[in-house]
Amino acid sequence: MQYRSTRSDKEASVDSATAVLRGLAPDGGLYVPVEFPQPNFDLQTLAKMSYQQVAKLVLSWFFDDYTDQQLEDCVVNAYGSQFDDEKIVPISKKAGNYYMELFHGPTLAFKDIALQMLPQLMMTAAKIKQQKNKIIILTATSGDTGTASMRGFSDIDGTNVVVFYPNDGVSPVQLRQMLSQPGKNLAAFAVEGNFDQAQTKVKQIFNDVAFKKILQQKGYQFSSANSMNIGRLIPQVAYYFYTYGQLIATNQIKLNDQVNFSVPTGNFGDILAGYYAQKLGLPISKLICASNQNNVLTDFFATGKYNKNRQFHVTNSPSMDILVSSNLERLLFDVAGENHVIISDLMNQLEKTGEYEITPAMKKKLSQFSAGFADESQIQSEIKRVFDQDKYALDPHTAVGSYVNYTYRQQTNDQTPAVIVSTASPYKFPETVYHAITNQTVNQPGLPAIKQLNELLQDSLPAAIEELFNATAKSQQIISTEQMEDAILKQNN
Ligand SMILES: *Cc1c(COP(=O)(O)O)cnc(C)c1O
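Residues numbered from 1 in each chain as written. Predicted model: local features only at pLDDT ≥ 70, side-chain atom pairs only at ≥ 80, totals over all residues. Heavy atoms only, no water.

Now for the side chain of Thr 315. The residue Thr 315 is located in the loop between strand S12 (305-307) and helix H14 (328-335) in this model. Within the structure, Thr 315 has its side chain in polar contact with the side chain of Asn 292 (distance 3.1 Å). Those residues in contact with Thr 315 that lie beyond four places of it in its chain are Asn 292, Gln 293, Asn 294, Asp 321 and Glu 376. (Helix = DSSP H or I, 4+ residues; strand = E, 2+ residues; numbered from the N terminus. Polar contact = N/O pair within 3.5 Å; in protein donor to acceptor, adjacent residues only side chain to side chain. Contact = heavy atoms within 4.5 Å.)

A word on the environment of Gln 120. Here Gln 120 shows up in helix H6 (residues 118-128). Beyond its immediate stretch of four places on either side in the chain, Gln 120 contacts Cys 74, Asn 77 and Ala 78.

Before going further, it helps to examine the site of the ligand. Surrounding the ligand, one finds 15 residues, the nearest of these being Lys 111, Asp 144, Gly 266, Asn 267 and Asp 270. Between Lys 111 and the ligand, the recorded distance is 2.5 Å, taken from a side-chain N or O atom to an oxygen atom. Measuring from an oxygen atom of the ligand, one finds a backbone N or O atom of Asn 267 at 2.7 Å. Here the ligand, which alone exposes 380 Å², has 98% of that area covered by the protein. In terms of residue class, the shell around the ligand is built from five nonpolar, seven polar and three charged. (Near = heavy atom within 4 Å. Areas by Shrake-Rupley, 256 points an atom, 1.4 Å probe, with all protein chains shown as cover. Nonpolar A, V, L, I, M, F, W, Y, C, P; charged D, E, K, R; others polar.)

This part covers the pairing of strand S9 (residues 220-224). Along a regular strand, successive side chains alternate from one face of the sheet to the other. Within S9, five of the five residues are buried, which leaves it mostly tucked inside the rest of the structure. With burial as the criterion, each face of S9 is covered, one bearing Tyr 220, Phe 222 and Ser 224 and the other bearing Gln 221 and Ser 223. In this sheet, S9 lies alongside strand S6 (residues 134-140) in parallel orientation, the contact comprising five bridges. In the strand pairing of S9, Leu 138 is matched with Ser 224. (Buried < 20%, exposed > 50% of the residue type's maximum accessible area, 1.4 Å probe, protein only. Pairing = 2+ DSSP bridges.)

On to the packing of aromatic side chains. In the structure shown here, the tally under the stated rule is 24 aromatic pairs. Between Tyr 51 and Tyr 242 the ring centres are 5.1 Å apart and the planes differ by 75°, which places this aromatic pair in the edge-to-face class. One end of the pair, Tyr 51, is in helix H3 (residues 51-62); the other, Tyr 242, is in helix H11 (residues 230-249), and 191 residues separate them in sequence. Taking 6.2 Å as the distance between ring centres and 25° as the angle between the ring planes, the aromatic pair formed by Phe 268 and Phe 301 counts as stacked. Of this pair, Phe 268 sits in the loop between strand S10 (259-264) and helix H12 (269-279) while Phe 301 sits in helix H13 (residues 296-303), placing them 33 residues apart in sequence. (Phe/Tyr/Trp six-rings, centres within 6.5 Å; stacked < 30°, edge-to-face > 60°.)

A few words now on the pairing of strand S4 (residues 91-94). Alignment of S4 against strand S5 (residues 97-101), held across four bridges, turns out to be antiparallel. Paired with Ile 91 across the strands is Met 100, a residue of S5. Hairpin connection of S4 to S5: two residues between the antiparallel strands, including Ala 95 at a positive phi of 45°.

With their axes 8 Å apart at the nearest point, H11 and H12 run at an angle of 60° to one another. As H11 runs across H12, the sense of the crossing is right-handed. Between H11 and H12, the residues in contact are Leu 233, Ile 234, Gln 236, Val 237, Tyr 239, Tyr 240 and Phe 241 and Gly 269, Asp 270, Ile 271, Leu 272, Ala 273, Gly 274, Tyr 276 and Ala 277, respectively. By residue class, the composition of the contact of H11 with H12 is eleven nonpolar, three polar and one charged. (Axes fitted to C-alpha atoms, helices over the stretch in contact; angles between N-to-C directions. Left-handed = near helix turned anticlockwise from the far one by under 90°.)

Before going further, it helps to examine the sheet that holds strand S7 (residues 159-166). By definition, the strands of a sheet pair up through backbone hydrogen bonds, in either a parallel or an antiparallel sense. Read from one edge of the open sheet, five strands run S9-S6-S7-S8-S16, paired in parallel fashion. Lying at the two open borders of the sheet, with one neighbouring strand each, are S9 and strand S16 (478-479). Helix H9 (residues 195-206) contacts S6, S7 and S9 of the sheet and is inclined by roughly 150° relative to S6. Along the sheet face, helix H10 (residues 209-217) touches S6 and S9 and points at about 125° away from the line of S9.

Read from one edge of the open sheet, three strands run S2-S1-S3, paired in antiparallel fashion. At either end of the open sheet lies a strand with only one pairing partner, and these are strand S2 (14-15) and strand S3 (31-33). Pairing of strand S1 (residues 2-5) with S3 involves three bridges; the strand directions are antiparallel. If you follow Ser 5 over to S3, its bridge partner there is Tyr 31.

Every buried residue belonging to H13 is among Val 296, Leu 297, Thr 298, Phe 300 and Phe 301, and all of these are buried. Against strand S11 (284-291), S12, H14, strand S13 (355-357), helix H16 (360-364) and strand S14 (369-373) lie the buried residues of H13. The first or second residue beyond H13 is Gly 304, which carries a positive phi of 80°.

Turning to the pattern of salt bridges, a few remarks are in order. Within this structure, the stated rule accounts for twelve salt bridges. In this structure, the salt-bridge partner of Arg 151 is Glu 467, at a minimum N-O distance of 3.4 Å. Note that Arg 151 is positioned in helix H7 (residues 144-153) and Glu 467 in helix H21 (residues 463-470), a separation of 316 residues in sequence. When its relative accessible area of 25% is taken as the criterion, Arg 151 is described as partly exposed. (Salt bridge = Lys/Arg side-chain N within 4 Å of Asp/Glu carboxyl O.)

As a further point, take the environment of Lys 10. Of note, Lys 10 is situated in the loop between S1 and S2. A residue is classified by how much of its surface remains accessible, and Lys 10, at 44% relative accessible area, is partly exposed. Ignoring any residue separated from it by four or fewer positions in sequence, one finds Lys 10 in contact with Arg 4 and Val 34.

Set out below in structure tokens:
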């Protein structure tokens, strides 16, 4: 199975291990399968499979240069006791919908599902390709990717992790997680600016040939833990399959029934995995793209125009504070008939002018998507609505998905069973959740706020939160975007 860049001819394709090691294609494009898999699978069988079995099955469709045993080992190492629920992804039926809880991993957000797996896939790829260079995992984060990649790669041989997060753009708990994650191969820097500025700079560094040469001479090469890496994207496809199987297994739906998924979206990785699941043949009707106030995608799906020239809002759902959704490029590639010239052209326009427009013919192929957004007060009222109805606390990101699904159903009267993709634990954002439910501000943000929320919810604290109380945190290192190369060199010399 070969992978090609969204921006180059398919003649320049590579195998999956190489795509995982590189993260981003040399031309700045994203790797996609040259021939998208068309597997035979049986939904009835799916209903009987464990999360680990489903994950392995899905990976085997995309990573055929890994042996069966290698994939088995990856799955065993990635999805074990580091999750606080043995199902890995439990599903809760609350307030009339299904909440697919992706936050039972060690950093309490859905990024763990992919970032417990990516280091396994990457180490195995290094073995397959007999890679000598040490890998620098370069990551721009809006909060959760940073914590999850530091956790996933902690003390993994042959890797160094450098994380850049926006100064003042992450939540107190996210910050504490990054500063207290042990591991001798980890470094995190606060960058002056917002997430997009950090991500843009990381992409530039990735494409900086001279800089890469310097590191190459020292025995290093870059890879990415962002969802641009297929080794992170494909593991996410598995939870759509698993959830569908579980809905059958628990008699919530019948075989071949259609299901909607509402996905709180930032970089478009999570929802793209849902789109890939649909493309693989899973009966998904609508993919609901839910944004916060940074609603560039809502406008895109409404008009076919992508325009990032707008105010950037720092919100209480920081992991979705994004104006350039990288993975949209993979969707565009499909609706452009896999035409890399069109994609290069659109991405050039985006870089030069901050906007582009797709053709009506391309837009027509996006009909399975619906899109909407929630502002800060709508997020708060959704947390309250679901809590009052079912004593179930949503984090602010999940609340975006929940709210947009709620309004979608009111407007369309679509009765298709709906799964809300639940991306973080409420304990990761205790200040917002507490305020939404009680209309009162916590006494003190961060760890004390967790305690206060816990008293309100009266449930048991996740083990990963307990750990945070005992960990010691390093102090922050704040740098400008111009200092990012230096920071990388210092860490890797
Ligand atoms: C990253 C993240 C999102 C957005 O996911 P994308 O794949 O970037 O669209 C939503 N919610 C939480 C909690 C996240 O960490």
